[in-house]
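This is what each chain is made of:
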Amino acid sequence: MVGKVYLVGSGPGDPDLLTVKAKRLLETADVVLHDKLPGPEILGAIPEGKREDVGKRAGGEWTPQEYTNRRMVELAREGKTVVRLKGGDPFVFGRGGEEMEHLASEEIPFEVVPGITSAIAGPGTAGIPVTHREHASSVSFVTGHEDPTKEESAIDWNALAATGGTIVVLMGVGGLPDYTEALLDAGMSPETPVALVERATRPEMRVATGTLGNIVSVRDESEIEPPAITVIGDVAGTRERVVEFLGNRTGDSDADGNDTLADGDEGAEPEEDE
């Protein structure tokens, strides 16, 4: 008897932001094939005996996607209930579409369990709305790490610069100099507000703010590391008006790169790059 695979989003990292369905499936699954991004709090709650790490990490460990695809099918054909656990939402730069198609091609039953995407929750937790009636009526989600086998980029930075909306870049810490330069070359103002949100929703979350013209130096001086989200647009400037009253304990860096850690965060250490 063939089992079933659940493509599950774990949300942005805070275990309280798991959906009720995701939590139930993690408790009842036979095997959990997980990425790195769900975070230690979520992964630590899963019995070690049923966890398999199939994650990818920039500049480090790398589990080939072909292996993950094959493993999902193998376990399902053994009659097991399999959770394929991903950070954020499975279909926002999470290869959920590829895995869904592979399961269908192998005639394996599956179900999609959406997760809260960090593309919205990350900025929101930092006090940045991705849309705002006075600042942005559209938002574009962009990957900062395209498939290296592509002959040319599929991202039109000129078009994005012309929209006047918010640009949210995921997995874009390393490529920050390239795409900020592309936006400047496309005519976007160097005074455009920009925020970097590192490890959004987690206890060690940090935020660095600046402008399109200086955000690379802010990143370097603040030592912002992956995983982090880049928010580009006027909405990033609204944070300064609300941050004093945010309930989150976040470490902040201003446009000069000076760290100002909120109560309770001093000494927080980031995890390894993901």
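Before reading further, recall that the structure is shown in the block above.
Here's what I pulled together on the structure shown here. What you are looking at is a predicted structure, and each value in this text was computed from that prediction instead of being measured.

1. Overview of helix H4 (residues 96–105)
Right, so step 1: Those residues of H4 not exposed but buried are Gly 96, Glu 99 and Leu 103. The arc that holds the buried residues of H4, viewed along the axis, is 65°, so those residues lie on one side. Exposed residues lying more than 90 degrees from the buried face of H4 are Glu 101 and Ser 105.
Right, so step 2: As for H4, its buried residues are in contact with strand E1 (4–9), helix H3 (65–77), strand E4 (81–86) and strand E5 (110–113).

2. Considering the nonpolar core
Right, so step 1: Residues Trp 157, Ile 167, Leu 183, Met 188 and Ile 232 are the most contacted members of the largest nonpolar core, which totals 21 residues.
Right, so step 2: Breaking this core down by element, the ones donating at least two residues are helix H6 (157–163), strand E7 (166–170), helix H7 (176–185), strand E8 (193–198), helix H8 (215–222) and strand E10 (228–232).
Right, so step 3: With sequence-adjacent residues up to four places away left out, Met 188 is seen in contact with Leu 160, Ala 161, Ile 167, Leu 183, Leu 212 and Ile 232.
Right, so step 4: Grouped together as the second largest cluster of nonpolar side chains are 16 residues, Ile 128, Val 168, Val 197 and Val 231 included.

3. Looking at the pattern of salt bridges
Right, so step 1: Tallied over the entire structure, the rule returns 14 salt bridges.
Right, so step 2: One salt bridge in this structure joins Lys 21 and Glu 111, with 2.3 Å as the shortest N-O distance. Placement of Lys 21 in helix H1 (residues 20–28) and of Glu 111 in strand E5 is noted, with a sequence separation of 90 residues between them.
Right, so step 3: Note on Lys 21: relative accessible area 32%, which makes it partly exposed.
Right, so step 4: It is possible to trace a salt-bridge network through shared partners that takes in Asp 35, Arg 84, Lys 86 and Glu 99.

4. With respect to the packing of H3 against H4
Right, so step 1: Interhelical geometry of H3 versus H4 gives an angle of 45° and a closest axis separation of 10 Å. Taken together, the axes of H3 and H4 are oblique relative to one another. Our pair here, H3 against H4, has a crossing hand that is right-handed. Of H4, the residues touching H3 (which contributes Gln 65, Thr 68, Asn 69, Arg 70, Met 72 and Val 73) are Glu 98, Glu 99, His 102 and Leu 103.
Right, so step 2: A per-class count over the contact of H3 with H4 returns three nonpolar, four polar and three charged.

5. Considerations on the sheet that holds E4
Right, so step 1: Pairing is parallel in the open sheet, where five strands are placed in the order E3-E2-E4-E1-E5. Whereas interior strands pair on both sides, the edge strands pair on one side only; in this sheet they are strand E3 (51–53) and E5. Ignoring which end each strand starts from, the neighbouring axes of this sheet average 20° apart.
Right, so step 2: Here E1 runs beside E4; their pairing, made up of six bridges, is parallel. Counterpart to Leu 7 in the pairing with E4 is Arg 84.
Right, so step 3: Running over the sheet, H4 touches E1, E4 and E5 and is turned about 175° from E1.

6. Observations concerning the packing of aromatic side chains
We describe a pair of aromatic rings using the distance from one ring centre to the other and the angle between the two ring planes.
Right, so step 1: The tally for this structure, following the rule as stated, stands at one aromatic pair.
Right, so step 2: Their ring planes at 10° and their centres at 5.5 Å tell us that Trp 157 and Tyr 179 sit as a pair that is stacked. Of this pair, Trp 157 sits in helix H6 while Tyr 179 sits in helix H7, and the two are 22 residues apart along the sequence.
Right, so step 3: Take Trp 157: its relative accessible area is 15%, and that puts it in the buried class.

Rules and cut-offs
The numbers attached to residues start from 1 for each chain and follow its sequence in the written order. Local features in a predicted model are, by the rule used here, given only for residues with pLDDT of at least 70; side-chain atom pairs are given and counted only at 80 or more, and totals for whole chains, interfaces and linings are based on all residues. With hydrogens and water set aside, each side-chain value is computed from the structure's full complement of heavy atoms. Only protein chains enter the calculation, and the probe is 1.4 Å; a residue is then buried if its accessible area is under 20% of its type maximum, exposed if over 50%, and partly exposed in between. Secondary structure is summarised from DSSP: a helix means a run of H or I of at least four residues, a strand means a run of E of at least two, and numbering begins at the N terminus for each. The arc under discussion is defined with respect to the helix axis, by the directions toward the C-beta atoms. Only heavy atoms enter the contact rule, under which two residues are in contact if any of them lie within 4.5 Å. To qualify as a nonpolar core, a set must consist of buried Ala, Val, Leu, Ile, Met, Phe, Trp, Tyr and Cys residues joined through side-chain atoms within 4.5 Å. Salt-bridge detection follows one rule: a side-chain nitrogen of Lys or Arg within 4 Å of a carboxyl oxygen of Asp or Glu. All axes are obtained by fitting lines to C-alpha atoms, using only the stretch in contact for helices, and the reported angles, taken between N-to-C directions, cover 0 to 180 degrees. What sets the label is the angle itself: under 35 degrees gives roughly parallel, over 145 gives roughly antiparallel, 65 to 115 gives roughly perpendicular, and the rest give oblique. Note on convention: near helix rotated counterclockwise from far helix by under a right angle means a left-handed crossing. Clockwise means right-handed. Just so you know the grouping, Ala, Val, Leu, Ile, Met, Phe, Trp, Tyr, Cys and Pro go in nonpolar, Asp, Glu, Lys and Arg go in charged, and all remaining residues, Gly too, go in polar. When DSSP finds two or more bridges between a pair of strands, those strands are recorded as paired. Centres within 6.5 Å are what make two rings of Phe, Tyr or Trp a pair, Trp counting through its six-membered ring; a difference in plane orientation under 30 degrees is then read as stacked, over 60 as edge-to-face, and the rest as tilted.

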